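Summary of structural features
This is what each chain is made of:
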Amino acid sequence: MDEQAPRYAIVIEWDPDECIYVATVPDLRFVATHGDTYQEALERVLELMAEWLDLARESGVAPPK
């Protein structure tokens, strides 16, 4: 991981109704995903977060600090 890159909190919660883990990044709008396992949810949210940050940079939008 780039030492200069901003770091964001990741929240992973169990959804008992859907029987899935839901992962969100509260500081990055619309970054939310899920997985059947905790690890799957974490991997997916990390990928989504990287895509979100890449698109923000490409669009000239500064990521939240």
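As a reminder, the structure under discussion sits directly above these lines.
Residues numbered from 1 in each chain as written. Predicted model: local features only at pLDDT ≥ 70, side-chain atom pairs only at ≥ 80, totals over all residues. Heavy atoms only, no water.

Quick look at the overall build of the protein
- Each helix and strand in the protein was counted, giving 1 helix and 3 strands.
- The N-to-C order of helical and strand elements in the protein reads β-β-β-α.
- Within the protein, buried positions represent 22% of all 65 residues.
- Accessible surface, the protein as shown: approximately 4,900 Å² in total, 52% of it carbon and sulfur. (Helix = DSSP H or I, 4+ residues; strand = E, 2+ residues; numbered from the N terminus. Buried < 20%, exposed > 50% of the residue type's maximum accessible area, 1.4 Å probe, protein only. Areas by Shrake-Rupley, 256 points an atom, 1.4 Å probe, with all protein chains shown as cover.)

Section: the sheet that holds strand β1 (residues 11-15)
- Spatially, β1-β2-β3 is the arrangement adopted by the 3 strands of the open sheet, whose pairing is antiparallel. A single partner strand is all that each edge strand has here, and the edge strands are β1 and β3 (32-35). Averaged over all adjacent pairs, the angle separating strand axes in this sheet is 25°, with direction ignored.
- Pairing geometry for β1 and strand β2 (residues 20-24), over 5 bridges, is antiparallel. Along β2, the bridge assignment pairs W14 with Y21.
- Contacts from helix α1 (residues 38-58) reach β1, β2 and β3, with the element oriented near 150° to β3. (Pairing = 2+ DSSP bridges. Axes fitted to C-alpha atoms, helices over the stretch in contact; angles between N-to-C directions. Contact = heavy atoms within 4.5 Å.)

Considering the pairing of β2
- Hairpin connection of β1 to β2: 4 residues between the antiparallel strands, including C19 at a positive phi of 60°.
- Of the strand pairs in this sheet, β2 and β3 are connected by 4 bridges, and their pairing is antiparallel. Within β3, the position partnered with A23 by the bridge is T33.

Examining the pattern of salt bridges
- The final tally for this structure, using the stated rule, is 2 salt bridges.
- For E40, the salt bridge goes to R44, with nearest N and O atoms at 3.0 Å. Here R44 and E40 lie together in helix α1, a separation of 4 residues that amounts to about one turn.
- Taking the relative accessible area as the measure of exposure, R44 reaches 34% and is therefore partly exposed.
- One salt bridge connects R57 with D54, and the closest N-O pair in it is separated by 3.4 Å. You can see R57 and its partner D54 sitting in helix α1, 3 residues apart, about one turn around the helix. (Salt bridge = Lys/Arg side-chain N within 4 Å of Asp/Glu carboxyl O.)

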